[in-house]
Amino acid sequence: MQPEAILDELKWRGLWADCTDEAGLAARLAEGPVTVYAGFDPTADSLHVGHLLPLLGLRRFQQFGHTPVALAGGATGSIGDPSGKSDERNLLSRDEIAANVAKITGQLERLMDFTAAGNAARLANNADWFAAIGFLDFLRDVGKHFSVNAMVAKESVRNRMEGAGISYTEFSYMLLQAYDFYHLHQTENCELQIGGSDQWGNITAGMELIRRKAGAGAFGLTMPLLTKADGTKFGKTAGGAVWLDPARTSPYKFYQFWINTEDAKVVECLKYFTFLEREEIETLEAQHGEAPGAREAQRRLAEEVTTLVHGADATADAVRASRILFGGDVTGVSEAVFEDVAAEVPRAAVRLDADGLGLLDALVAAKLCGSKGQARKDAQGGGVYLNNVRVEDAAARIGGGDFLFGKYVLLRRGKKNYAVLEREQA
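To keep things clear, this report deals only with the structure shown in the data block. (Residues numbered from 1 in each chain as written. Predicted model: local features only at pLDDT ≥ 70, side-chain atom pairs only at ≥ 80, totals over all residues. Heavy atoms only, no water.)

### Looking at the overall build of the chain
Argument step 1. In terms of helices and strands, the chain carries 19 helices and 15 strands.
Argument step 2. Oriented by its inertia axes, the alpha-carbon framework of the chain measures out at about 85 × 45 × 40 Å.
Argument step 3. In the chain, buried positions account for 51% of the 426 residues.
Argument step 4. In the chain, of all internal contacts separated by at least 6 residues, the share reaching a separation of at least 24 is 73%.
Argument step 5. With the model as given, the accessible surface of the chain reaches about 19,600 Å², and the carbon-plus-sulfur share is 48%.
Argument step 6. Here the chain carries 46 positive and 57 negative side-chain charges, and the mean point of each set is 4 Å from the other. (Helix = DSSP H or I, 4+ residues; strand = E, 2+ residues; numbered from the N terminus. Buried < 20%, exposed > 50% of the residue type's maximum accessible area, 1.4 Å probe, protein only. Contact = heavy atoms within 4.5 Å. Areas by Shrake-Rupley, 256 points an atom, 1.4 Å probe, with all protein chains shown as cover. Lys, Arg positive; Asp, Glu negative; His and termini not counted. Charge placed at Lys NZ, Arg CZ, Asp CG, Glu CD.)

Shown next, in the form of structure tokens:
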């Protein structure tokens, strides 16, 4: 693939918000590959799906022969980027930041190729160079190149000044990120920075510093900030952010997030978050237009992104788990995955007698039936399922061997009414 073809790739995928000099960048890429970077501040111990666009953007550049640098902001993370924020961040301790950097570094490593011949991905941490710079030196060597008037005019700063206000700490963030670009330009020959559209002011500040201190040119390219169809922020659920760390958002819940993508957004998400070829995405788009209820586009999206982030085995577990609530086999999933599923349905605690628990009593205890008479009628009519296996014998009893992992029984009445019985330990 030709290095400059990445620009057409980004455009057809919709991953193009703005560019500081499109013609100049195209001409530079036509000469050969460049080094490109994006930064990720460790404000939490995990990245979330909102970070995927620039992170996968680096991977896309790598596919076209360019060298990606993923920057973990061990220094900038201690300040907090005001871009897109209406209030000041809570400052983290140095130990918290170091722990967060260690966590997100592993996530960055999983999504790029660090062994590619000629253009292996690189990791950087801006704490490595800021630790050696004194405050007065930074003011003299960097601050003198910035006009306060120009900084106040930046949208991220102006919005905060018109709202809750901004501290000097966060006001200075722009200078720190600008220096990152300058440092990587000098040490890694980095000529391009990418980021979300809210990073425009920070990116252009870095370009200006490179021009003033190094007398050289550089480029910036931003990607759109994805929102839901109603304009609200993408990547948020009722439970909060959708994290890349499986300890914070399990692979099953991660998979479900993508399965539940809105019809109006699913094709856009296929372009943004997968590496499927154009022809396949267009085929999925056509299928979705003809039969949106089949949710084939959402299924493919969920499988692709979950595999990218968590691997094929975790995706297979998530697929099996998602089928449980559609009558699928409950065997073959781990206890942790089953508990994710169980969290989505009503639960009731039960205690087993020596001869087990009557099926009818179980249905009433789970509140799937209002009475034992109704439970008997449903069972005899073929509408009752134990661990997704139909049980028509109203006199059946549930024994210890029926409890999955020795703890749980999945009951179903009809097609969609589920409950989990959790065995109380003696």
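Let us keep going from here.
### Let's talk about the pairing of strand S6 (residues 219-223)
Argument step 1. The element S6 is extensively covered by neighbouring structure, given that 5 of its 5 residues are classed as buried.
Argument step 2. Covered by surrounding structure in S6 are Phe 219, Leu 221 and Met 223 together with Gly 220 and Thr 222, the residues of both alternating faces.
Argument step 3. Judged from the 2 bridges that link them, strand S1 (residues 18-19) and S6 form a sheet pairing that is antiparallel. Within the sheet, the bridge partner assigned to Cys 19 lies in S6 and is Leu 221.
Argument step 4. Relative to S6, strand S5 (residues 190-196) runs parallel, the two being bridged by 5 bridges. Bridged to Gln 193 within S6 is Gly 220.
Argument step 5. In the classification by handedness, the crossover that spans S5, the intervening helix H11 (residues 200-214) and the parallel S6 is right-handed. (Pairing = 2+ DSSP bridges. Right-handed = clockwise from strand over helix to strand, strands pointing away.)

### Overview of the packing of helix H13 (residues 266-273) against helix H14 (residues 278-290)
Argument step 1. Two numbers describe how H13 lies on H14: the axes approach to 10 Å, and their chain directions differ by 165°. Relative to H14, the element H13 is oriented roughly antiparallel. As for how H13 packs across H14, the hand of that crossing is right-handed. In contact with Val 266, Val 267, Leu 270 and Lys 271 of H13, H14 contributes Ile 281, Leu 284, Glu 285 and His 288.
Argument step 2. Classifying every residue of the contact of H13 with H14 by side-chain character gives 5 nonpolar, 1 polar and 2 charged. (Axes fitted to C-alpha atoms, helices over the stretch in contact; angles between N-to-C directions. Parallel < 35°, antiparallel > 145°, perpendicular 65-115°, else oblique. Left-handed = near helix turned anticlockwise from the far one by under 90°. Nonpolar A, V, L, I, M, F, W, Y, C, P; charged D, E, K, R; others polar.)

### As for the sheet that holds strand S14 (residues 408-413)
Argument step 1. Taken in spatial order, the 5 strands line up as S9-S15-S14-S11-S12 in an open sheet, and their pairing is mixed. At either margin of the open sheet sits one strand with a lone partner, and together these are strand S9 (347-350) and strand S12 (389-390).
Argument step 2. Here helix H17 (residues 335-342) sits on the sheet and contacts S9, S14 and strand S15 (417-423); the angle it forms with S14, its principal contact strand, is near 40°.

### What to know about the environment of Phe 40
Argument step 1. Summarising the element assignment, Phe 40 is placed in strand S2 (residues 35-40).
Argument step 2. Each C-alpha atom, one on Phe 40 and one on Ala 70, is 7.5 Å from the other, the two residues being 30 residues apart in sequence.
Argument step 3. With sequence-adjacent residues up to four places away left out, Phe 40 is seen in contact with Leu 47, His 51, Pro 54, Leu 55, Leu 58, Ala 70, Leu 71, Ala 72, Gly 73, Ile 104 and Leu 108.

### Remarks on the side chain of Asp 340
Argument step 1. Relative to the helices and strands, Asp 340 is located in helix H17.
Argument step 2. Contact partners of Asp 340, with chain neighbours within four places excluded, come to Ser 250, Tyr 252 and Lys 253.

### Description of helix H2 (residues 22-31)
Argument step 1. Of the residues making up H2, those classed as buried are Leu 25, Arg 28 and Leu 29. Along the axis of H2, the buried residues cluster in a sector spanning 95°; they form a single face. Exposed side of H2, more than 90 degrees from the buried face: Ala 23 and Glu 31 are the residues found there.
Argument step 2. Considering only its buried residues, H2 is in contact with helix H1 (5-12), S1, S5 and S6.
Argument step 3. Looking one or two residues past H2, Gly 32 carries a phi angle of roughly 150°, positive in sign. (Arc of directions from axis to C-beta.)

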